Amino acid sequence: TTTDMDATGAQGAFVGSPKVLDQNTPNVVAAFQSHVNVGTNGSGSEKGLGASEAALSPAMLAGANTGFLRSDARLYVVYVSHEEDSSASSPSQVQASITAAKGGDASQVFFAAIAGPEPLGCFNFSGSADAGSRYIDVVDATGGLFGSICDADFGVTLQNLAFEVTAAGNNFPLTEIPELASIQVLIDGIPQATTTWIYSPTSTSIQ
């Protein structure tokens, strides 16, 4: 969705058609790229937190965003903004509302943000960004993931998010075919015993 909560904005409704993408969506990568390219013509008062809260409200999930929330899947909320959030709800209220959409189980919700870093934001060749402190509050309170919107690209942040998604299922896909004898698995820098993990050549992943 967008950060535009004005009467003429998305107000939490998902954009694009179809609104919900899945593994059966034709040309799903191109569809996703089109969906996320929402432009910059919306409200100058960005309310990303409020938009996410609205998107996952019971009314919206039963209406415009029906078919999105799955009971058997974790929920990932990713904010992308170059301005501070100006939503009416506090970061803690938004966190609580979104967690309620997953039955109040905080372990089933993950927050990430690509925004301006504290304390002063940032600047790069394409412009500047205010510090996204309210987004950072949600991320920090939930042990989420933060990346600077002034990075040259979001590759590292998105890769880390992908690792987080796959980690939920204890499955870590590798980007290359490894030399089996050289595989080492570390958690927080600590080597793990070979009895605690296996390599799956079929999926090229560590489980």
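These numbers were taken from a predicted model, which means no experiment stands behind them.

Draft legend 1. Structural view of the pattern of salt bridges. Scanning the model with the defined rule gives two salt bridges in all. Salt-bridge contacts for Glu164 lead to Arg74; the nearest nitrogen and oxygen are separated by 3.0 Å. Separated by 90 residues along the polypeptide, Glu164 in helix α6 (residues 155-167) and Arg74 in the loop between α3 (58-61) and β1 (75-80) bring together distant segments of the chain. For Glu164, a relative accessible area of 24% gives the class partly exposed. Between Arg134 and Asp85 there is a salt bridge; the shortest N-O distance is 2.8 Å. Separated by 49 residues along the polypeptide, Arg134 in helix α5 (residues 133-142) and Asp85 in the loop between β1 and α4 (91-100) bring together distant segments of the chain. This pair shows no difference in class: Arg134 is buried, exactly as Asp85 is.

Draft legend 2. Just the pairing of strand β2 (residues 109-115), in detail. The buried fraction of β2 amounts to seven of the seven residues, a majority that puts the element mostly inside the structure. Residues Val109, Phe111, Ala113 and Ala115 of β2 are buried on one face, and the alternating residues Phe110, Ala112 and Ile114, pointing to the opposite face, are buried as well. By the bridge criterion, six bridges tie β1 to β2 in an arrangement that is parallel. Residue pairing across strands places Tyr76 opposite Phe110, the latter belonging to β2. Regarding topology, α4 serves as the crossover connection from β1 to the parallel β2, and that connection is right-handed. Strand direction decides the pairing type here: β2 and strand β5 (residues 145-148), joined by four bridges, are parallel. Each bridged residue has a counterpart across the sheet, and for Ala113 the counterpart in β5 is Phe146.

Conventions used here
Every chain is numbered independently, its residues counted from 1 as its sequence is written. Selection of residues for local features in this predicted model requires a pLDDT of at least 70, selection of side-chain atom pairs for listing and counting requires 80 or more, and totals for whole chains, interfaces and linings are taken over all residues. Only hydrogens and water are set aside; all other atoms, that is, all heavy atoms of the structure, feed into the side-chain values. What counts as a salt bridge is simple: a side-chain nitrogen of Lys or Arg found within 4 Å of a carboxyl oxygen of Asp or Glu. What counts as a helix is a DSSP run of H or I of at least four residues, what counts as a strand is a run of E of at least two, and both are numbered from the N terminus. Only protein chains enter the accessibility calculation, which uses a 1.4 Å probe. A residue is then buried if its area is under 20% of the maximum for its type, exposed if over 50%, and partly exposed in between. What makes two strands pair is DSSP finding at least two bridges between them. A clockwise course of the path from the first strand over the helix to the second, judged with the strands pointing away from the viewer, identifies a crossover as right-handed.

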